[in-house]
Amino acid sequence: MSSPSAALSSSKSIIHVAGYSSCGFYRRAASVVASLSLLFPSKLQVVEHEFPSREAYREWLIHGGNGGSSSLRGSGSGIGFRDHAAKLLENTPSAPSGAKAKQHSSSPFCWLSSGTDLDPASVTEFIGGCDDTLAWCRSQCSQMSGPSAAAPSAPFAKPIAKMTPDGHTPAHPYDYDLLVLGGGSGGLAASKEAAALGAKVAVLDYVKPSPAGSTWGLGGTCVNVGCIPKKLMHQAALLNLGYKLDLPHYGIGVTNEMVEKNYGMTADNEPAEHSWDMLKTNVQNHIRGLNFKYRVDLREKNVTYLNLLGKFIDPHTLETTDKKGNKGRITASRILIAVGGRPTPLSCEGGELAISSDDIFSLDRDPGKVLCIGASYISLECAGFLRGLGKDVTVAVRSILLRGFDRECAELIGEHMKSEGIKFKEEVVPTKLVKLQNGDGSDGKIQVTFSNGDVEEYDTVLTAIGRTGDTSLLGLDNVNIAVNPKNSKIPANYEQTCIPNIYVIGDVMDGCPELTPVAIHAGKALSRRLFGGSTLPMDYRNVCTTVFTPLEYGTVGYSEDDALAEFGEENIQVYHKYFIPLEWSLSQSRGEHQAFTKAIVHKPSNKVLGLHYLGPNAGEVLQGFGTAMKVGMTFEDLTETVGIHPTTAEEITTLSITKDSGEDAKASGC
C-alpha cells in the first residue's frame, strides 16, 4: 500500500493510470479513480494511458519503448518508465515507493505526478497496482469528505462507464427510441429493460437458415441451438450413464438372479436402448414453447417484435426485408446490435457436407458414427453427450483442447473423455469430405480424408472450430463501422461503437465472453445507462462459466497459466486436490475417475484469482463462489468457510495442499 506521503495535497493532484485495454484490473482501477475525480473535481485530475496489448504495455513499462504508440513516450534508452521513475525517486521522501515501483511488472501501474505528461521526471509518488490504487482511493475519499465521510467500511464509489454523448433527445424525429437488431438473450433483455424505463422499443429478429437448412424461432442461439438443447441432451447422457454405472450398485432394478450370477456382487448394467427421435422431438417441443413465451413476453412488456432482416443505410435508418423479400425502412434514435454469432464453416473441399451446432439438436435422423471437428467447448460438449447416448464418436483436434481455459483442467477433461470411449485424432485437420453412395443409389456415409493421410467414414460430421460474428449482411460499411477481420466482430468501448448512437452487446462484440448471462447483464446495464440515468458499466471480470463435458468443468477468474503470465511465478500459489464424489463411490467403474479442484492465489494479497472445479454439478457448485470472487475473496475467507457435508462443493473450502509442496493431493477420509 502507498505510504502516507501519497495523500492528496490541498491543491489539485494528478494521478496517472497506465495499463493495457483488455486488462480487467486496469479497467477497474481507471474507473474507480475516474469516479473519485468526479466526486472531487477540484482536488483530483486523472490521466489514463491505455496500451493496445499486454506486450505493448510491458515494452513501455520495462523496456523503454513507446508501446507502439506515437502518443506515448518511452525513454528510448532501453530503460523502462518504471526503472527511470524509480531512479529519479531515490534520495527523496518517496524513495520507498520508488523501490516498490521497481518490482512492479503487472497492469495497472499507477502514480502521482506534478504534470499530465508521461514524463518519469514528474513522478512524485508510486501508488501501486489495482488493489493498492483502490485502497488509496478509499483513504483519500475519507480524507477529502471530512468529518461527515462514511465509515471506512462503507462501500466505495462505484465505477463509471465513460460514454460519448450520442445526441439522443426525447423530441427526436425517429420511429423508435431504441431499435434492437437480434432477438437473442441479450437483445431481448436490453429491449425489455429499455421499455420498462419508458423507451419506445422495437426488436428486429430474422433467422437466416444454416448452410444445412436449419431454422428456428425467437430467442437466439442459447434457447434454440445452444445452452438449452445442449444441457437437455447432456442430461440425457448423464441419465444413460447413471443407468449403466450407478443404478445397479444402488440396488435399483437388481434381482436375486442377477446377484447370484455375479457371486453376490453387483455389476454395471448393459447399455440401454435409446431413441434419438424421441429425445430430439421432446427437446424441440420444449424450445417451441419457449419461443412462444418470448413473443408473449415482448408484447406484455410493450416491445414491438418485427420478423425482419435489417441493414444499415445510415446511423439512424435501416432497410428491412421480410421473408417474401419485401423492402421497407425503419428509423431509431439509438440502435443496438445484438445479432450474436454463427458457427465458422469448414473451409476444406466438401466442407458443406458437415453440419454444426446449428443443426445437431434438430437432426431428423440418428447421428450414428460421428466425427466432431475442433477442440472448442462446443465440440467437446457435443462429443460428450453423443458418446453418453451410445454413439461412436471421434474428435479431430488440430492443436490443444479448450484453448483459453486452464490447461491442466483441459487435459484432465481429455483424459476422462478418452476413458469413456471417445477417440481423439490429434494434430490433424480434415482436408477433404466426400459423400459416398450406397448400392441402391441413396446417400451413404461421409468419407473424410485427414491431413496425416488417414481416411475414415462417418454417418455425421459436425464442425465446431469457432464462431464468427453474424455481421456480413448488416451493411456496417454504410455507417463506417469496421469489424475485426479475424472474427467479424465489432469493437466497442462500454458497448458503444465508434458511431455514438450505435451500440453492441453479446457474442458479436469483440472481446466479449460468449456467454448468455453476460449478454443479458450487459444488455440490461446498457439500457439503464441509456434510459435510466445509470452510469454503471458491465463488469466482465470474474464471470462464472461451466463446460458441460462428461466430467463437468466449472471455472471463475484466472487460469493458472494466465495468472503466472500476468503476475509472475513468484507471486502465485496454487492449492489443489483430487477427490472421488461420494455419489460415485459405490460404483467400481465410477471410482476410477477422480474429480479435481484448485484455487489460484495471489501471494502478496492472499486474494483468490481463480477457482476451478471438475466434477458433478459444476455449474451449481461454482455459482456461489462467483459472488465471493466479485467481492474480493481471499484464500483465508475461502478456507474459513464451513462447508456443507457431504458435498463436492465442500472440497473447495478444504483446499490446503500447494502444488509446489510436492505432497499427494488426493483427498482421504470422508
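Residues numbered from 1 in each chain as written. Predicted model: local features only at pLDDT ≥ 70, side-chain atom pairs only at ≥ 80, totals over all residues. Heavy atoms only, no water.

Draft legend 1. Up close: the overall build of the chain. A count of helices and strands for the chain gives 18 helices and 25 strands. Here the C-alpha radius of gyration of the chain, 28 Å, is about what a compact globule of 670 residues would show, namely 26 Å. In terms of its C-alpha atoms, the chain occupies a principal-axis envelope of roughly 85 × 70 × 50 Å. The buried share of the chain, reckoned over its 670 residues, is 51%. Pairs at least 24 apart in sequence give 66% of the contacts found in the chain among residues at least 6 apart. Summed over all atoms, the accessible surface of the chain reaches about 30,600 Å², with 51% contributed by carbon and sulfur. Of the side-chain charges in the chain, 62 are positive and 74 negative, and the distance between the mean point of each set is 6 Å. (Helix = DSSP H or I, 4+ residues; strand = E, 2+ residues; numbered from the N terminus. Rg over C-alpha atoms; globule rule 2.2 N^0.38 Å. Buried < 20%, exposed > 50% of the residue type's maximum accessible area, 1.4 Å probe, protein only. Contact = heavy atoms within 4.5 Å. Areas by Shrake-Rupley, 256 points an atom, 1.4 Å probe, with all protein chains shown as cover. Lys, Arg positive; Asp, Glu negative; His and termini not counted. Charge placed at Lys NZ, Arg CZ, Asp CG, Glu CD.)

Draft legend 2. Representation of the side chain of H602 within the structure. Tracing the backbone shows H602 in strand β24 (residues 595-602). H602 sits in the buried class, given a relative accessible area of 15%. Within the structure, H602 has its side chain in polar contact with the side chain of S605 (distance 2.8 Å). When sequence neighbours within four positions are dropped, the list of residues in contact with H602 reads F567, N571, I572, K607 and L609. (Polar contact = N/O pair within 3.5 Å; in protein donor to acceptor, adjacent residues only side chain to side chain.)

Draft legend 3. Structural view of the sheet that holds strand β2 (residues 44-51). With mixed pairing, 4 strands are arranged side by side in an open sheet as β2-β1-β3-β4. The open sheet terminates on both sides in strands that have one partner only, identified here as β2 and β4 (123-128). This sheet shows a mean twist of 25 degrees between the axes of neighbouring strands, independent of strand direction. Inspection of the sheet shows strand β1 (residues 13-20) paired to β2 by 8 bridges, in the parallel sense. Along β2, the bridge assignment pairs S13 with L44. Sheet strands touched by helix α1 (residues 24-39): β1 and β2. Its angle to β2, the strand with the most contacts, is close to 160 degrees. The strands that helix α4 (residues 95-102) touches are β3 (109-113) and β4; relative to β4, the one it contacts most, it runs at about 55 degrees. (Pairing = 2+ DSSP bridges. Axes fitted to C-alpha atoms, helices over the stretch in contact; angles between N-to-C directions.)

Draft legend 4. Main features of the confidence of the model for the chain. Summing up the model confidence of the chain, the mean pLDDT is 91 and the portion of residues at 70 or higher is 93%. Predicted confidence for residues 1-10 stays below pLDDT 50, and this span has 23 contacts to residues more than four positions away or in other chains. Confidence drops under a pLDDT of 50 for residues 146-156, and excluding neighbours within four residues, the segment shows 6 contacts in the predicted structure. (pLDDT = per-residue confidence, 0-100.)

Draft legend 5. Spotlight on unusual backbone geometry. A cis geometry characterises the amide bond from S107 onward to P108, with omega recorded as 5 degrees. The topology assignment puts P108 in the loop between α4 and β3. With an omega of -5 degrees, the peptide bond running from H645 to P646 counts as cis. For P646, the location among the structural elements is in the loop between α17 (635-639) and α18 (650-653).

Draft legend 6. Layout of the sheet that holds strand β14 (residues 423-426). The sheet built from 4 strands is open, its strands ordered β14-β13-β12-β18 with parallel pairing. For this open sheet the edge positions go to β14 and β18 (460-463), each flanked by a neighbour on one side alone. On average, adjacent strands in this sheet sit at an angle of 20 degrees to one another, irrespective of strand direction. Relative to β14, strand β13 (residues 393-397) runs parallel, the two sharing 4 bridges. Looking across to β14, one finds that T394 is bridged to K423. Helix α11 (residues 377-388) rests against β12 (370-373), β13, β14 and β18 of the sheet, and its axis sits at about 165 degrees to β13.

Draft legend 7. Molecular detail of helix α8 (residues 227-245). Helix length check: α8, at 19 residues, gives a terminal C-alpha distance of 26 Å against a target of 27 Å (1.5 Å per residue), a fit within 8%. Regarding α8, the residues found buried are P229, K230, M233, H234, A236, A237, N240, L241, G242 and L245. Tucked into the core, α8 has its buried residues touching α7 (220-225), α10 (276-300), α11 and α15 (588-591). (Expected span 1.5 Å × (residues − 1).)

Draft legend 8. Geometry of a nonpolar patch on the surface. Nonpolar side chains collect at one region of the surface, where Y250, I252 and L586 lie side by side and expose about 310 Å² of accessible area between them. Note on placement: Y250 falls in the loop between α8 and α9 (256-261). (Patch = residues over 30% accessible without salt bridge, like charges linked within 9 Å, V, L, I, M, F, W, Y side chains within 5 Å. Salt bridge = Lys/Arg side-chain N within 4 Å of Asp/Glu carboxyl O.)

Draft legend 9. Here's a closer look at helix α14 (residues 560-567). Taken residue by residue, α14 has E560, A563, E566 and F567 as its buried positions. Viewed end-on, α14 has its buried residues packed into an arc of 135 degrees, placing them on one side of the element. Immediately downstream of α14, the backbone of G568 shows phi near 90 degrees, a positive value. (Arc of directions from axis to C-beta.)

Draft legend 10. Focus on the packing of aromatic side chains. On inspection of all chains with the given rule, the structure shows 18 aromatic pairs. Measuring from ring centre to ring centre gives 5.9 Å for F361 and F385, while their planes differ by 35 degrees; the resulting arrangement is tilted. Taken as a pair, F361 in the loop between β11 (341-343) and β12 and F385 in helix α11 lie far apart in primary sequence, 24 residues in all. The class of F361 is buried, set by a relative accessible area of 3%. Its relative accessible area of 0% is what places F385 among the buried residues. An angle of 35 degrees between the planes, with centres 6.3 Å apart, marks the rings of F579 and Y613 as tilted. Of this pair, F579 sits in strand β23 (residues 572-579) while Y613 sits in strand β25 (residues 607-614), and the two are 34 residues apart along the sequence. Connected via pairs of aromatic rings, a cluster forms that spans Y20, F51, Y57, W60, F81, F109, W111 and F126. A cation over an aromatic ring shows up here: R334 above the ring of F531, its NZ or CZ 5.0 Å from the ring centre. Sitting above the plane of the F450 ring, K425 keeps its charged end 4.8 Å from the centroid. (Phe/Tyr/Trp six-rings, centres within 6.5 Å; stacked < 30°, edge-to-face > 60°. Lys NZ or Arg CZ within 6 Å of the ring centre and 35° of its normal.)

Draft legend 11. Inspection of the side chain of E651 at higher detail. Relative to the helices and strands, E651 resides in helix α18. One polar contact links E651 to K577, side chain to side chain, over a distance of 3.0 Å.

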